[in-house]
Amino acid sequence: MPIPPGRLTELPGDGSLLAWTVDDGDDSSVVRAYTEFGRDTGTRLTFFLNGSKPAWTENADLLRPLVADGRIQLGNHTWSHADLTSLSAAGVQDELQRNHDFVLSTYGVDMRPYYRPPYGYRDASTDAAAAEIGYTCPVLWYGSLSDSGLLTPDQVVGFADQWFLPQHIVIGHLNFTPVTTVFPQLTQIIADRGLTTVTLDDVFVRPTG
Ligand SMILES: [Zn+2]
């Protein structure tokens, strides 16, 4: 289906799909663990990355083949995790373009039109500035693993139980290790509910030109 206009917070329709998305990359070992999890289980994931973080260079060889075959999709989360609403239009474009160029050269993929504004902070001005360079689809979320800070593993499972639901876009983070200790519990929730994990490209057709 085409990408609906405006921001994306959930997947349209009445399916049984789950878009499991994870952001940042503060901890390189968490990026590695999530990537291996995707590789070993077939769970389809979307990573919204900040190329300024060393994890994205350190794990590039491991991640590149999964990106190439579409099992893990990369989305733009700005170069340095900037609050876009604090920047000029040129500043917004610099943040997105620098990250874009890094991913194109390191992974060989074009992330447009998908980007996630850090903290979810955006407004009409940032949307317009991003759209001028092809980033027309801000991707937000409908449910969070709430692990941008340090949680216990049980808390992560609790948030997955709350938010892994049909057609949800769920946000998690590549920053702290507890989530990497409960992948079996999280995949069990997905299986018990009959959900199918998808990337954005599994669901939407990107605009051409
Ligand atoms: Zn973030």
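Cut-offs and rules
- Residues numbered from 1 in each chain as written.
- Predicted model: local features only at pLDDT ≥ 70, side-chain atom pairs only at ≥ 80, totals over all residues.
- Heavy atoms only, no water.
- Salt bridge = Lys/Arg side-chain N within 4 Å of Asp/Glu carboxyl O.
- Helix = DSSP H or I, 4+ residues; strand = E, 2+ residues; numbered from the N terminus.
- Buried < 20%, exposed > 50% of the residue type's maximum accessible area, 1.4 Å probe, protein only.
- Donors = N, O, S within 2.8 Å, 3.2 Å for Na, K, Ca; no water.
- Expected span 1.5 Å × (residues − 1).
- Contact = heavy atoms within 4.5 Å.
- Polar contact = N/O pair within 3.5 Å; in protein donor to acceptor, adjacent residues only side chain to side chain.

Engineer: Would you take a moment to explain the pattern of salt bridges for this structure?
Structural biologist: Opposite charge on two side chains permits them to pair, given that their charged atoms come into close proximity. Counted by the stated rule, this structure contains ten salt bridges. Ionic pairing is found between Asp23 and Arg116, a salt bridge with its closest N-O pair at 2.8 Å. Here Asp23 is found in strand S1 (residues 17-24), whereas its partner Arg116 is found in the loop between strand S4 (114-115) and helix H5 (124-132), with 93 residues between them in sequence. With relative accessibility at 1%, the residue Asp23 sits in the buried group. Classification of Arg116 as buried rests on a relative accessible area of 0%. Between Arg44 and Asp202 there is a salt bridge; the shortest N-O distance is 2.6 Å. Here Arg44, found in the loop between helix H1 (28-41) and strand S2 (45-49), pairs with Asp202, found in helix H8 (residues 200-203); they are 158 residues apart in sequence, far enough to count as distant.

Engineer: What am I meant to see in the coordination of the zinc ion here?
Structural biologist: A four-donor tetrahedral metal ideally has 109.5 degree angles, and a six-donor octahedral metal ideally has angles of 90 or 180 degrees. Around the zinc ion, the protein contributes the donor atoms Asp24 (OD), His77 (NE2) and His81 (NE2), at 2.0 to 2.1 Å from the metal centre. Mapped onto the sequence, the donors of the zinc ion take the spacing D-x52-H-x3-H. Placement of Asp24 in strand S1 and of His77 in the loop between strand S3 (72-76) and helix H4 (89-107) is noted, with a sequence separation of 53 residues between them. Judged by its relative accessible area of 2%, His77 is buried.

Engineer: How do you make sense of H4 when you look at a structure like this?
Structural biologist: In an α-helix, one turn spans 3.6 residues, which is why side chains three or four residues apart end up on the same side. Between its first and last C-alpha atoms H4 spans 27 Å; for 19 residues at 1.5 Å apiece the expected length is 27 Å, and the two agree. Along H4, the residues that are buried comprise Gly91, Val92, Gln93, Glu95, Leu96, Asn99, His100, Phe102, Val103, Thr106 and Tyr107. Of the surrounding secondary structure, the elements contacted by the buried residues of H4 are S2, helix H2 (55-58), helix H3 (60-68), S3, S4 and H5. Following H4 by one or two positions, Gly108 has its phi on the positive side, about 75°.

Engineer: Help me understand the environment of His168, please; the structure alone is not making it clear to me.
Structural biologist: As for its position among the elements, His168 is in strand S6 (residues 168-173). Note on His168: relative accessible area 6%, which makes it buried. Sequence separation of His168 and Leu11 is 157 residues, and the distance between their C-alpha atoms is 6.1 Å. Residues within four places of His168 in sequence aside, it is in contact with Leu11, Leu17, Leu18, Ala19, Tyr142 and Trp163. A polar contact is formed between the side chain of His168 and the backbone oxygen of Tyr142, at a distance of 2.9 Å.

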